[in-house]
Amino acid sequence: MATYARIQDIAQHIGEEVTLRGWLYNKTDKGKLRFLLVRDGTGTIQCVVFKGDVTPEAFEAATTVTQESSIYVTGIVREDKRAQGGYELSVTDFSVLQIAQDFPISPKEHGVDFLMNHRHLWLRSSKQWAIMRVRATIIRAIRNWLDDNGFLLVDTPILTPAACEGTSTLFETNYFGENAYLTQSGQLYNEADIMAFGKVYCFGPTFRAEKSKTRRHLTEFWMVEPEMAFADLEECMRVEEELVTHIMRTVLNERAQELEMLERDTTLLEKIVAPFPRISYDDALEIVRAAGETIEWGEDFGSPHETAVAKAFDKPVFVHHYPAQCKAFYMEEDPERPETSLSVDLLAPEGFGEIIGGGQRTASLELLERKLVEHKLPREAFEWYLDLRRYGSVPHSGFGLGVERTVSWVCGLSHIRQTIPFPRTLGRIYP
Ligand code: 4AD
Ligand code: MG
C-alpha cells in the first residue's frame, strides 16, 4: 500500500517511502538520471530517477513525460541541504496519469495578454502560486483579527436597489422588471447592522464599472468593511492601523518562503507597525504641490498625488479631512469646518497608494437629507437608511480595505491583475 504524502509535510517522512500525486513542473536529463521537479499544489520537490532503481517502464515514462503531465511518483524522502526546499525524493516508481501535450506556458517570457488569456493555466506558475497563498493568509489574518476583537461577521447583499459610492461606476442589472445594481460596498447595510450588533464587518465581492485601465482598478474586487457604533474618526484610524499591523505581522511570519519567491524586500514590510503618521488633506496638498503637481483645493487625489504623499513616509500614512465635495454623501461634516469631512484614506508606501477608505458617518437626519439632495440621489431608495437617523442615531465610523490593493502592496506587484485568481477588468471577462 502506498503512503500518500503532501510536499508541504515531506519533512515528517525522512527515510520513508511515500507516493506524491501531482504534476511535472520541469525536467532535466543527464545520462542514466532524470531530475523531475514535481509540484502537488502544496509545494515543489526534486525527484531523482536513477535507471538502475526503477523498472524499464517507469524509466521510459520518466524520460517521455512532458511539462504539466499529471503523475504519481513514489520514492524515499532524503534530507538534502543543497536541494531546493531542503528535501529530495529518490524515486522507486513512476507513472503518468495523463500526458499534457504542448503546455502553452513555457519557462520563457510571455506577453501579458497571452498569460491573461491562459490565466486558468498560469495559476500553476510558481509566482502565481506564491501570490495566492499570500492572499489567503491576508484574508485569514483579517478575519481572525476582527473575530478576536469583537466584530461580528454580518453579510450584506450583492444585489442592491441604490448606489453607495457614486452613480458613475454602477453595474446595472434587471431585477424582475426593476433596475438593480451589483453592490459597490456593503457599508450602508453595515450601518443598519451596527445598530443591532454594535461592531460588525462584511467581507465579500464588490463591483465597480471602472471605465479606465489602470494598474490599481478591478471591476470585481474583495473588500472587508468593519463598522462601529459609538466610534469617531480617531477610533477608526486606530482600528485600521492595528488591523494592517496584524496583517503584516502574520504574512511575515507565515509566508516568508512565498515573499522570497516573489523577491519582495521584506525589510520595508517589517517597518509597518502601528502607529501610522496622520496628516490632513491640507498638509497633504502642500506635499503634492511641493512635488510639482498642480491641484486645486477640493480636488480628490489621483494616483500621482497619492504617490507623492506616500513617498514622504516609510509607513502607510493616514490622510484625513478631505474636502466634503470630493467624498461620498454619507461622510460626517467637521462641525468646525463644514467644507471638510471626517473622512480618512490610508495610503500605502512605495507608490501603492490608497488601500483603505473610510471615516465617520453622518449622524443627523437633517444633514443626511440635505446631502442626498446635493448628491442628486433618489430619496425613495434611501428611506430605510434615513430611518437609522430617526431611531437611536449614534456617532459611528467604519472603513473598507481592498484585499487586492493590499495583496499588491504586500507582494510588491506592479499590477493588480495578478492578485486575484480570475481578474475582471475593463474589457476582460475571460477566462
Ligand atoms: O474608498 P472606497 O470606494 O470606499 C468605500 O467603498 C466605502 N464605502 C468603504 C467603507 O467605508 N465601508 O473603497 C474602499 C477600498 C479602497 O481603498 C481600495 O482599496 C478598494 O476598496 N477599491 C478597489 N480595489 C480594486 N479595484 C477597484 N476598482 C477599487 N475601488 C476601491
Ligand atoms: Mg476611496
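The shown structure was predicted, so the numbers you read here are calculated from the model rather than taken from an experiment.

**With respect to the overall build of the protein chain**
- Counting secondary structure elements, the protein chain contains 13 helices and 18 strands.
- For the protein chain, the C-alpha atoms occupy an extent of roughly 85 × 50 × 40 Å along the three principal directions.
- For the protein chain, buried positions account for 53% of its 431 residues.
- Surface exposure of the protein chain reaches about 20200 Å², of which carbon and sulfur atoms provide 52%.

**Some details on the confidence of the model for the protein chain**
- On average, residues of the protein chain score 97 in pLDDT, and 100% of them reach the 70 mark or higher.
- Confidence, read as mean pLDDT per element, is least for helix α10 (residues 303-311) in the protein chain (94) and greatest for strand β18 (residues 396-402) (99).

**Some words on the side chain of Glu 227**
- Of note, Glu 227 is situated in strand β11 (residues 220-229).
- Of the polar contacts made by the side chain of Glu 227, one reaches the side chain of Arg 361; its length is 2.8 Å.

**Observations regarding unusual backbone geometry**
- In the segment running from Ala 274 into Pro 275, the intervening peptide bond is cis, with an omega of 0 degrees.
- The topology assignment puts Pro 275 in the loop between α8 (266-270) and β12 (278-280).
- Cis geometry marks the peptide bond from Tyr 430 to Pro 431; its omega dihedral reads -5 degrees.
- Checked against the element boundaries, Pro 431 lands in the segment after α13 (403-411).
- The phi angle at Phe 230 is positive, at roughly 60 degrees, despite the residue not being glycine.
- Within the secondary structure layout, Phe 230 lies in the loop between β11 and α6 (233-254).
- Take Phe 230: its relative accessible area is 67%, and that puts it in the exposed class.
- Look at Lys 376: it is not a glycine, yet its phi comes out positive at around 55 degrees.
- Its location among the elements puts Lys 376 in the loop between α11 (365-374) and α12 (383-390).

**What to know about the site of ligand 1**
- Within the structure, ligand 1 sits among 24 residues, and Glu 165, Gln 187, Glu 225, Glu 354 and Ile 355 are positioned closest to it.
- A distance of 2.7 Å separates a nitrogen atom of ligand 1 from a polar side-chain atom of Gln 187.
- In the environment of ligand 1, an oxygen atom lies 3.3 Å from a nitrogen or oxygen atom belonging to the backbone of Gly 402.
- Starting from 630 Å² of accessible surface for ligand 1 in isolation, the protein chains cover 94%.
- Elements that contribute at least two residues to the shell around ligand 1 include exactly β11, β17 (353-360) and β18.
- At five residues, the largest contribution of residues to the shell around ligand 1 is made by β17.

**Here we look at the domain arrangement of the protein chain**
- Segmentation of the protein chain into domains returns domain 1 (3-98) and domain 2 (119-419).
- Centre-to-centre separation of domain 1 and domain 2, based on C-alpha positions: 45 Å.
- Across the contact, eight residues belong to domain 1 and five residues belong to domain 2.
- In total, about 440 Å² of surface goes out of reach between domain 1 and domain 2, with carbon and sulfur atoms giving 38% of it.
- At the surface where domain 1 touches domain 2, the tally comes to one salt bridge.
- Of the charged contacts, one joins Arg 124 and Glu 68 as a salt bridge, the two residues approaching to 3.0 Å between their closest N and O atoms.
- Looking at the side of domain 1 that touches domain 2, its residues break down into two nonpolar, four polar and two charged.

**Remarks on the nonpolar core**
- Of all hydrophobic cores here, the largest spans 45 residues; its most connected members are Ile 138, Ile 142, Val 244, Trp 409 and Val 410.
- When residues of this core are traced back to their parent elements, those giving at least two are α4 (126-148), β10 (199-207), β11, α6, β16 (343-348), β17, β18 and α13.
- Residue contacts for Val 244: discarding those within four places in its chain leaves Ile 272, Phe 276, Leu 346, Ile 356, Leu 401 and Trp 409.

**Thoughts on the environment of Glu 374**
- Note that Glu 374 resides in helix α11.
- Residues Glu 374 and Phe 329 lie 45 residues apart in sequence; the distance between their C-alpha atoms is 8.2 Å.

**A short note on α11**
- Among the residues of α11, Leu 367, Leu 368, Lys 371 and Leu 372 are the ones counted as buried. Seen from one end, α11 has its buried residues packed into an arc of 140 degrees, which puts them on one side. Facing away from the buried surface of α11 by more than 90 degrees, the exposed residues are Glu 366 and Val 373.
- Those residues of α11 hidden inside the fold are in contact with β14 (333-334) and α12.

**Description of the packing of α11 against α12**
- Between α11 and α12, the shortest axis-to-axis distance is 9 Å and the interhelical angle comes to 155 degrees. By the angle class used here, α11 and α12 are roughly antiparallel. Contacts between α11 and α12 pair Leu 365, Leu 368, Glu 369 and Leu 372 from the former with Tyr 385, Leu 386, Arg 389 and Arg 390 from the latter.
- Counted by class, the contact of α11 with α12 contains five nonpolar, no polar and three charged residues.

**A closer look at the pattern of salt bridges**
- In this structure the tally under the stated criterion is 29 salt bridges.
- With a shortest N-O distance of 3.9 Å, Lys 127 and Glu 263 are connected by a salt bridge. You can see Lys 127 sitting in helix α4 and its partner Glu 263 sitting in the loop between α7 (256-261) and α8, a full 136 residues away along the chain.
- Taking the relative accessible area as the measure of exposure, Lys 127 reaches 40% and is therefore partly exposed.

The rules behind the values
Residues numbered from 1 in each chain as written. Chains lettered and ligands numbered in written order. Predicted model: local features only at pLDDT ≥ 70, side-chain atom pairs only at ≥ 80, totals over all residues. Heavy atoms only, no water. Helix = DSSP H or I, 4+ residues; strand = E, 2+ residues; numbered from the N terminus. Buried < 20%, exposed > 50% of the residue type's maximum accessible area, 1.4 Å probe, protein only. Areas by Shrake-Rupley, 256 points an atom, 1.4 Å probe, with all protein chains shown as cover. pLDDT = per-residue confidence, 0-100. Polar contact = N/O pair within 3.5 Å; in protein donor to acceptor, adjacent residues only side chain to side chain. Near = heavy atom within 4 Å. Domains from an automatic or database assignment. Contact = heavy atoms within 4.5 Å. Buried area = accessible area lost by both parts, 1.4 Å probe. Salt bridge = Lys/Arg side-chain N within 4 Å of Asp/Glu carboxyl O. Nonpolar A, V, L, I, M, F, W, Y, C, P; charged D, E, K, R; others polar. Core = buried A, V, L, I, M, F, W, Y, C linked by side-chain atoms within 4.5 Å. Arc of directions from axis to C-beta. Axes fitted to C-alpha atoms, helices over the stretch in contact; angles between N-to-C directions. Parallel < 35°, antiparallel > 145°, perpendicular 65-115°, else oblique.

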